[in-house]
Amino acid sequence: MGSNSSRIDDLPKNEYLKKLSGTESVSENDPFWNQLLSFSFPAPTSSTELKLLEEATVSVCRSLVENNPRTGNLGALIKVFLCRTKELKLSAECQNHIFIWQTHNALFIICCLLKVFICEMSEEELQLHFTYEEKSPGSYSCDSEDLLEELVCCLMQLIIDIPLLDITYEISVEAISTMVVFLSCQLFHKEVLRQSISHKYLMRGRCLPYTSKLVKTLLYNFIRQEKPPPPGTHVLSQQSEGGGLLYGLASGVATGLWTVFTLGGVGSKAAATAELSSPLGNQSLLLLLVLANLTDAADAPNPYRQAIMSFKNTQDNSPFPSSIPHTFQINFNSLYTALCEQQASDQATLLLYTLLHQNSNIRTYMLARTDMENLVLPILEILYHVEERNSHHVYMALIILLILTEDDGFNRSIHEVILKNITWYSERVLTEISLGSLLILVVIRTIQYNMTRTRDKYLHTNCLAALANMSAQFRSLHQYAAQRIISLFSLLSKKHNKVLEQATQSLRGSLSSNDVPLPDYAQDLNVIEEVIRMMLEIINSCLTNSLHHNPNLVYALLYKRELFEQFQTHPSFQDIMQNIDLVITFFSSRLRQAGAELSVERVLEIIKQGVVALPKDRLKMRKSMHKEAKMLISPLVLQLSLSSVQHGSKAPK
């Protein structure tokens, strides 16, 4: 490094880095720092290059770890950076490119070193390295200021206070990235940390007063999705004896992302694209999620989670409760728009889940929106393109649907929103369909994918719970959605018969042999019957509560009525089958009276007329059903790998 451009291959031999990590102490007032920080480094653009950067600096870092207790050079570097940040805001206003450039370089080096130190040593050892000062061999002073806390507070102030300009964009990204690295200590501990240095500083120390401002700033960074300034917008040119120096702040934006790559922050191809479009927005979101999920300290709740749970809309003029700390206001409309636009990344979906689950103000606002399709459609697209998403992203999308479908108002309104030409749904051309019917189609498709691959019981249960939450409010179901409901039941029925046959063969084999009995299919049979029961509950709930709104479902039932015959006398399903059997018998009778060879249109007409003639009191209400099917949140660590199953349908004869 230094006044000439550096390459990764040259780093182990760089004279300035050697001096930083060597045995000679360097005072914070030494001109050496200006030389060290005047470098133009080609920003790593891939995880491979980032790995090479780590490997190239291993020797430098190890040397610094060994010599720093005597030289205190790490502390001197921190002090140089802290001193410069005091003038950073003024430098931004004065467009002082050189000062900001060197300050950014100092933070970049600190971030790289901090990452290695956290990987290689305990928190106690790390803290000691920030207390060492220049001293004679064998002496040690414990009266030093806590530079690590100074650094963390400084980073928070930098994130909050520095105006976002083209020349400050990258240092803002680097400050947030350094905070993420600082909070990565948990990655190297099996047990949950409750007394870590992050808790000490962020939950009880001098950083605590900045809680609400930091959360608000990170949210606004996510909302704005500011892109990095274009290359060449701000270029610093300087000639030196060692060769030309050309440094553009925008050219190194990806530098700040190296910590995320090495920490495994990229969840999918789509997420990587989102990171490149707005590094500041992406890094802000990652830091926000890390802060929100810090474990509560032994004697104090997580203040950043408190802030996320309690912030209000800027249009809400009601006073803040005195019992709720760290509150603030933010524009909900802007936040809603950003969330709708960013669901391609799993971290944005996690933020949406966090806000819906923990902030009642946000949940109430979103459920009252008249354009819920802008939020629901991206969630459905995640589930639809499941093979392109990681399992956590899919599960989180499903859980969001579970939260939304707990609200009856949502379940009613989605059937009133009519969509046209859903291009990403490829199984069938959908020229016009309600949002509710599309939601049903996608959830059923997810179930059928899962049935052919992982057979994850939790996924089945959660998908069916979403349908159960909606079932009483089904309205004007699209004929294809109705067909798919019955097709799913058909698939479950065939699976039930297959497992039952295997169980029978297993029993016969065990009776005719003294060997160990064949595998017990009782558990499999119990699971499939539980899923079948939930499907029957969903169909029954729709027929009981909204029969007159769903002629297409009755049509599909009549066409596949033989499927339900085997369950009419089954002891596990008799109670649920009463209403379904009644509907099938009633409408079958009316179809027979109308004659043979009926067209689809004529069958639907007879069904619509029969709905009016069927006495409502003949359908028995099952009040417990909706309570049993309420939202079930499953572990996010379950893996999901799905494949498609398609079924057709014809008119009933």
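Quick summary incoming for the structure in this document. (Residues numbered from 1 in each chain as written. Predicted model: local features only at pLDDT ≥ 70, side-chain atom pairs only at ≥ 80, totals over all residues. Heavy atoms only, no water.)

Comments concerning the packing of aromatic side chains
In this description, a pair of aromatic rings is defined by centroid distance and the angle of the planes.
And then number 1: Throughout the structure, instances matching the rule amount to 13 aromatic pairs.
And then number 2: When the ring of Phe-311 is compared with that of Phe-328, the centres are 5.1 Å apart and the planes differ by 15 degrees; the resulting orientation is stacked. With a gap of 17 residues between them, Phe-311 in the loop between helix H15 (303-310) and strand E3 (312-313) and Phe-328 in the loop between E3 and strand E4 (329-330) connect regions that are remote in the sequence.
And then number 3: Residue class for Phe-311 comes out buried when judged on its relative accessible area of 0%. (Phe/Tyr/Trp six-rings, centres within 6.5 Å; stacked < 30°, edge-to-face > 60°. Helix = DSSP H or I, 4+ residues; strand = E, 2+ residues; numbered from the N terminus. Buried < 20%, exposed > 50% of the residue type's maximum accessible area, 1.4 Å probe, protein only.)

A word on the pattern of salt bridges
Pairing is possible between side chains of opposite charge, provided their charged atoms come close.
And then number 1: Scanning all chains against the criterion turns up eight salt bridges.
And then number 2: A salt bridge links Glu-427 to Arg-445; its shortest N-O distance comes to 2.7 Å. Taken together, the residues span a long stretch of sequence, with Glu-427 in the loop between strand E5 (418-420) and strand E6 (432-434) and Arg-445 in helix H22 (residues 435-452) at a distance of 18 residues. As far as burial versus exposure is concerned, Glu-427 and Arg-445 are alike and both buried.
And then number 3: In this structure, the salt-bridge partner of Asp-575 is Arg-533, at a minimum N-O distance of 2.9 Å. Here Asp-575, found in helix H28 (residues 574-594), pairs with Arg-533, found in helix H25 (residues 522-546); they are 42 residues apart in sequence, far enough to count as distant.
And then number 4: The partly exposed category is assigned to Arg-533, whose relative accessible area is 25%. (Salt bridge = Lys/Arg side-chain N within 4 Å of Asp/Glu carboxyl O.)

Examining the packing of H25 against helix H26 (residues 551-559)
And then number 1: Between H25 and H26, whose axes approach to 11 Å, the crossing angle comes to 130 degrees. It follows that H25 is oblique to H26 by the angle criterion. Remark: the crossing between H25 and H26 carries left-handed chirality. Residues Ile-539, Cys-542 and Leu-543 of H25 form the contact with H26, whose own contacting residues are Leu-553, Val-554 and Leu-557. (Axes fitted to C-alpha atoms, helices over the stretch in contact; angles between N-to-C directions. Parallel < 35°, antiparallel > 145°, perpendicular 65-115°, else oblique. Left-handed = near helix turned anticlockwise from the far one by under 90°. Contact = heavy atoms within 4.5 Å.)

Some points on helix H14 (residues 279-292)
And then number 1: End to end, H14 covers 20 Å across 14 residues, agreeing with the expected 20 Å (1.5 Å per residue, within 8%).
And then number 2: The buried fraction of H14 amounts to 13 of the 14 residues, a majority that puts the element mostly inside the structure. (Expected span 1.5 Å × (residues − 1).)

Structural notes on the side chain of Ser-278
And then number 1: Of note, Ser-278 is situated in the loop between helix H13 (269-277) and H14.
And then number 2: The exposure class assigned to Ser-278 is buried, which follows from its relative accessible area of 0%.
And then number 3: A polar contact is formed between the side chain of Ser-278 and the backbone nitrogen of Gly-281, at a distance of 3.1 Å.
And then number 4: Those residues in contact with Ser-278 that sit more than four places away from it in its chain are Tyr-169, Gln-225, Glu-226 and Lys-227. (Polar contact = N/O pair within 3.5 Å; in protein donor to acceptor, adjacent residues only side chain to side chain.)

Focus: unusual backbone geometry
And then number 1: Phi angles above zero are rare outside glycine, and Gln-95 is one such case at about 55 degrees.
And then number 2: Located in the positive-phi region is His-326, a residue other than glycine, with phi close to 60 degrees.
And then number 3: Within the secondary structure, His-326 sits in the loop between E3 and E4.

Things to note about the packing of H22 against helix H23 (residues 457-471)
And then number 1: Axis separation between H22 and H23 bottoms out at 9 Å; the angle between their running directions is 160 degrees. Considered as vectors, H22 and H23 are oriented roughly antiparallel to each other. Relative to H23, the crossing made by H22 is left-handed. Taking contact as the criterion, the partners of Gly-436, Leu-439, Ile-440, Val-443, Ile-444, Thr-446, Ile-447, Asn-450 and Met-451 in H22 are, on H23, Leu-459, His-460, Cys-463, Leu-464, Leu-467 and Met-470.
And then number 2: Here the contact of H22 with H23 is composed, by residue class, of eleven nonpolar, four polar and no charged. (Nonpolar A, V, L, I, M, F, W, Y, C, P; charged D, E, K, R; others polar.)

Re the environment of His-104
And then number 1: Tracing the sequence through the fold places His-104 in helix H6 (residues 97-120).
And then number 2: Sequence separation of His-104 and Thr-168 is 64 residues, and the distance between their C-alpha atoms is 8.8 Å.

Observations regarding empty space enclosed by the protein
And then number 1: By the definition in use, this model includes four cavities of 30 Å³ or more.
And then number 2: As for the largest cavity, its lining consists of 13 residues, and the residues nearest its centre are Leu-17, Thr-57, Ile-109, Cys-112 and Leu-113.
And then number 3: Those elements giving two or more residues to the lining of the largest cavity turn out to be helix H1 (15-21), helix H3 (47-71) and H6.
And then number 4: The biggest single contributor to the lining of the largest cavity is H3, with five residues.
And then number 5: Split by residue class, the lining of the largest cavity holds eleven nonpolar, two polar and no charged. (1 Å grid on protein atoms, 1.4 Å probe; cavity = no way out; pocket = protein on both sides within 12 Å on 5 of 7 lines; lining within 4 Å. Points joined across faces, edges and corners; volume = space filled by probe spheres on them.)

Structural notes on the nonpolar core
And then number 1: Grouped together as the largest cluster of nonpolar side chains are 204 residues, with contacts concentrated most on Phe-81, Leu-202, Tyr-425, Leu-438, Ile-485 and Phe-564.
And then number 2: It is H6 that contributes the most residues to this core, 14 residues altogether.
And then number 3: The contacts of Tyr-425, once residues within four sequence positions are left out, are Tyr-384, Leu-430, Leu-438, Leu-441, Val-442 and Tyr-480. (Core = buried A, V, L, I, M, F, W, Y, C linked by side-chain atoms within 4.5 Å.)

By themselves, these observations are geometric and do not establish any function.
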